[in-house]
Amino acid sequence: MGKLRRRYNVKGRLQATPGPSKGPPEPPPVRLELEDKDTLKGVDASNALVLPGKKKKKPKAPPPSKKEKKPLTKKERKMLQKILEQKEKKSQRAEMLQKLSQVQISEAELRLFYTASKLGTGDRMYHTREKSDKIEAQGQEKISSLSGAHRKRYRQELEEEDSESSVESESNEAPASEPVQAGAGVLPAAPGAGPGSPGPSSQHSLAGTTSAPPGVASTLARPPAKPSVFIPVNRTPEMQEERLKLPILAEEQVIMEAVAEHPIVIVCGETGSGKTTQVPQFLYEAGYSSDNSIIGITEPRRVAAVAMSQRVAKEMNLSQRVVSYQIRYEGNVTEETRIKFMTDGVLLKEIQKDFLLLRYKVVLIDEAHERSVYTDILIGLLSRIVSLRAKRHLPLKLLIMSATLRVEDFTQNQRLFPQPPPVVKVESRQFPVTVHFNKRTPLEDYSGECFRKVCKIHRMLPAGGILVFLTGQAEVHALCRRLRRAFPHTRRRPPEKDQEDSVEEMRKFKKSRTRAKKAQAATLPQISLDNYSVLPAGEGDEDREAEMDEEEEALGSDLDLDLGDEGTDGGEQPDASLPLHVLPLYSLLAPEKQAQVFQPPPEGTRLCVVATNVAETSLTIPGIKYVVDCGKVKKRHYDRVTGVSSFRVSWVSQASADQRAGRAGRMEPGHCYRLYSSAVFSDFEQFPPPEMARRPVEDLILQMKALNIEKVINFPFPTPPSVEALIAAEELLVALGALQAPQKTESMKQLQRSRLSCPITALGRTMATFPVAPRYAKMLALSRQHGCLPYAITIVAAMTVRELFEELDRPAASDEELSRLKDRRARVAQMKRIWAGQGAARKLGDIMVLLGAVGACEYSGCSPQFCEANGLRYKAMMEIRRLRGQLTTAVNTVCPEAGLFVDPKMQPPSESQVTYLRQIVVAGLGDHLARRVQSEDLLDDKWKNAYKTPLLDDPVFIHPSSVLFKELPEFVVYQEIVETTKMYMKGSQAGGWPLA
DNA sequence: CGGTGAGTT
């Protein structure tokens, strides 16, 4: 440990041996291009990222066409495509390579960010918080009172242009990135139905078209114009028997006929219908994987992709070599693979390499109702790919699978599907869930209401697990503590449980027991340990509970499962003597603790899981019979104008509430207790808004531009992002040099039009190959100098993975726990200070902490013990390790002579490297600059220690968890601003100006 | 001096 500290204590290494290499103690000045003659040999430093459109003098990469404005004829485009196909691969790589080695951070660029931000000049006219809130409330059309009308007009113009056809302009500037046709990324405005998909396909055209018995249907349904292919599957009799119980088997023929006759089919079936596991099998049997092609299925989550591939392989009695999966960091796809499960992001990346997805005959988009951004983009892209493939007489089938009937965004969207695809509805095999509404809706204390409801269920109702939905970690833990105190375990846990538990969990367990015993000894001596009808002292609920007991009579028999919500409470039912096995569940919880909810609870106890939204879709807990739904959800909100985000708790949608309720009926009939009235429920939104409409989209826009989709506003999004979000994305990407800025010479009207159709630059293409946010991709693209790449990769990986540090700030259940927590917090704070380094390194601020934490963790072998001791989340560190690996590979691919590898014993950066890294970080976060307010500005107390940013009139502050909190440098750049009690700059900051 | 839901390349 001591050794380790020395390694990552920059002071220890650099100051103990001042001048370790030839490096002078003073960091070099800003102008990198003057520093290292070797790496800059032959480089035109003036051709930095600011002039990205300029073609290189590379003889290999002649600009394909410079007579741009003139639309190309079909013939011309075909010819162009041939040329491109021949030259593209070579030239593209060469171009990227050159670009990478060429890119420098120039002082000019830094100044650009600086002046652009107009800090401290007091002359800006930006939105206040109040204004921007209002804008959001008004909806996307009205951007602001100043510019709303004209932006609206602008949007109309863009849409009009759409009808002119967007085909011509795309293929001239940037060559298609891959050997597809030149217009590959060009999405024809009106795709038309492919061959073999004629017919009046109204939404209900399939209802009652067939009455063939299930099981034989697949032999009848086969792709048209294909020789009869039927690939038999040797299922075991047990498998077959299980399978036949699934309702979707009855729909096999309907589905397969629909697929045969239509290029695009929507399958709706709630959870339990078996669509995810069965439809791929139907397609396989019908020969959709013949001719060496693949059936592709996308899932929104990695675990689902892996689990589904394993399950389907087992059901089909096939090896994982045939039924395989591919997720971000791993996969088991082979040459033999015929059914491939993958995450939606993986398929999106594949489209970048092969726009027409020629390896696939069918693509299934699963869980489309969740409307993840990748799912939405895939559907938009696939709608066009399907018609492009049809024109090539290589038809591609698209199946969209949704758990709800909310498919109007797909069927009623003319731009997406001019011919609405048919919808096949599938019954599900869920057990009935009785929903009980509260008569009244608690205004604030839904947590307390949850507690009371769980108590009642536990005391009054028959065996069966309880699942409680709350909104956040802190709430989950608080309720767990309350419930454990109310229903302590009387018997020892089985020893193997103890081993699984972490030290902390065990300690908490002991704590809660002693605490409960104390409470009983002190105030409830007369009550036996097996009687849980009375709460321990200090709960603060005694009054209410007592009140409830009196009204017990009114309740009726114990079979009446409607517990009411008006203060009635259970008496001493026999079941009430059951101990309650309380477990927390949320996404950031350590996986081994998450896994506990899948274990059967200790004998003679009732399982009670207190969860956040993870339990709504991501994790299914077995044995749940009762669901308690507080009706709230915590969501992140982005201010579209300022980019400031905040977390807000709001009502869920009706669909979410129903999804939560459904979790009670997976094994047997269940009950759902909603802690709000049916009137309130009826006011809920029907569905949650798609993510696409809620978040910044610069990463998606860059991906699309890399597919040569220039006019992103014309893209057939199922639900488009707001125009402000699109404009903000393009502006950021232009500022990063990923897109070409509109020509200033153009007329106002042209300028406005081109603002949303900026072509991608060579740098942008390079950035798009890095699987991280554009800001971070830019950092990587800039780092090929002075040996900065390994550090930049580590920094980017650490900034990408959220929540590096464990949450240690929750209130402790006891003094003993409190002191332990305090010790851990102190230890983490100390480590942070050490990792923050000395001298120049300090100016890297929290980013140096990230670098130090990752470096130290890897140096120690990344053990769970090290993470535990230093407050690091083990899972996060593993993710960073894998991401470093992936990014290292990605950089090596673009730039093989870098010869990078992931070094677990990476040395801390030298002082001069630190300076370069600060510049690199600023280049990515240049628009996230803040300046300390001048003392003469301190008219108001609210500006004490405050910073000013270009876009916000209100003060922002360095977050107290930052190592720069007390330093208050004049300038900082920040990862993000999150509004809580104040507006805090969070994530990491690199501070100080100028940067040398 | 602090309050962070769930996903993904």
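Please read these numbers as outputs of a predicted model, since none were measured by experiment.

Asks: Got a minute to help me understand the packing of helix 11 (residues 275-285) against helix 12 (residues 302-315) in this structure?
Replies: Two elements in contact, helix 11 and helix 12, have axes whose closest approach is 10 Å; the angle formed by their N-to-C orientations is 55°. It follows from the interaxial angle that helix 11 and helix 12 lie oblique. The way helix 11 lies across helix 12 gives a crossing that is right-handed. Here Thr276, Thr277, Gln278 and Gln281 of helix 11 come into contact with helix 12, specifically with Met308, Arg311, Val312 and Glu315. Its residues assigned to classes, the contact of helix 11 with helix 12 shows two nonpolar, four polar and two charged.

Asks: Got a minute to help me understand the protein's contact with DNA strand B in this structure?
Replies: Of all residues adjacent to DNA strand B, which total 33 residues, the nearest are Arg302, Thr343, Lys634, Thr980 and Lys986. Considering DNA strand B, the proportion of its atoms within 4 Å of the protein that are sugar or phosphate atoms stands at 63%. Thr343 places a polar side-chain atom, nitrogen or oxygen, 2.5 Å from a phosphate oxygen of DNA strand B. Note that a phosphate oxygen of DNA strand B is positioned 2.5 Å from one of the side-chain N or O atoms of Thr980. Elements represented by at least two residues in the surface near DNA strand B include exactly helix 13 (344-353), strand 13 (632-638) and strand 21 (983-986). If you tally residues by element for the surface near DNA strand B, the top one is helix 13, at three residues. Tallied by class, the residues present in the surface near DNA strand B amount to 11 nonpolar, 11 polar and 11 charged.

Asks: I tried to follow the sheet that holds strand 21 on my own but got confused; where do I start?
Replies: As a general point, the strands of a sheet are linked pairwise by backbone hydrogen bonds and lie either parallel or antiparallel. Strand order in the open sheet formed by five strands is 13-14-20-21-18, and the pairing between neighbours is mixed. Each edge of the sheet is formed by a strand with only one pairing partner; in this case those strands are strand 13 and strand 18 (957-958).

Asks: It is not clear to me how the environment of Lys397 should be interpreted in this structure. Could you clarify?
Replies: For Lys397, the position within the fold is in strand 6 (residues 397-402). Here Lys397 falls in the buried class, since its relative accessible area comes to 9%. Sequence separation between Lys397 and Val386 is 11 residues; the distance between their C-alpha atoms is 6.9 Å. If we ignore the near neighbours within four places in the chain, the residues touching Lys397 are Val259, Ala260, His262, Pro263, Tyr288, Lys361, Val362 and Val363. A polar atom in the side chain of Lys397 sits 2.8 Å from the backbone oxygen of Val259.

Asks: Sorry if this is basic, but what is going on with the side chain of Glu285 here?
Replies: Relative to the helices and strands, Glu285 resides in helix 11. Take Glu285: its relative accessible area is 7%, and that puts it in the buried class. Among the polar contacts made by the side chain of Glu285, one reaches the side chain of Arg235 at a distance of 3.4 Å.

Reading guide: rules and limits
Residues numbered from 1 in each chain as written. Chains lettered and ligands numbered in written order. Predicted model: local features only at pLDDT ≥ 70, side-chain atom pairs only at ≥ 80, totals over all residues. Heavy atoms only, no water. Axes fitted to C-alpha atoms, helices over the stretch in contact; angles between N-to-C directions. Helix = DSSP H or I, 4+ residues; strand = E, 2+ residues; numbered from the N terminus. Parallel < 35°, antiparallel > 145°, perpendicular 65-115°, else oblique. Left-handed = near helix turned anticlockwise from the far one by under 90°. Contact = heavy atoms within 4.5 Å. Nonpolar A, V, L, I, M, F, W, Y, C, P; charged D, E, K, R; others polar. Near = heavy atom within 4 Å. Polar contact = N/O pair within 3.5 Å; in protein donor to acceptor, adjacent residues only side chain to side chain. Pairing = 2+ DSSP bridges. Buried < 20%, exposed > 50% of the residue type's maximum accessible area, 1.4 Å probe, protein only.

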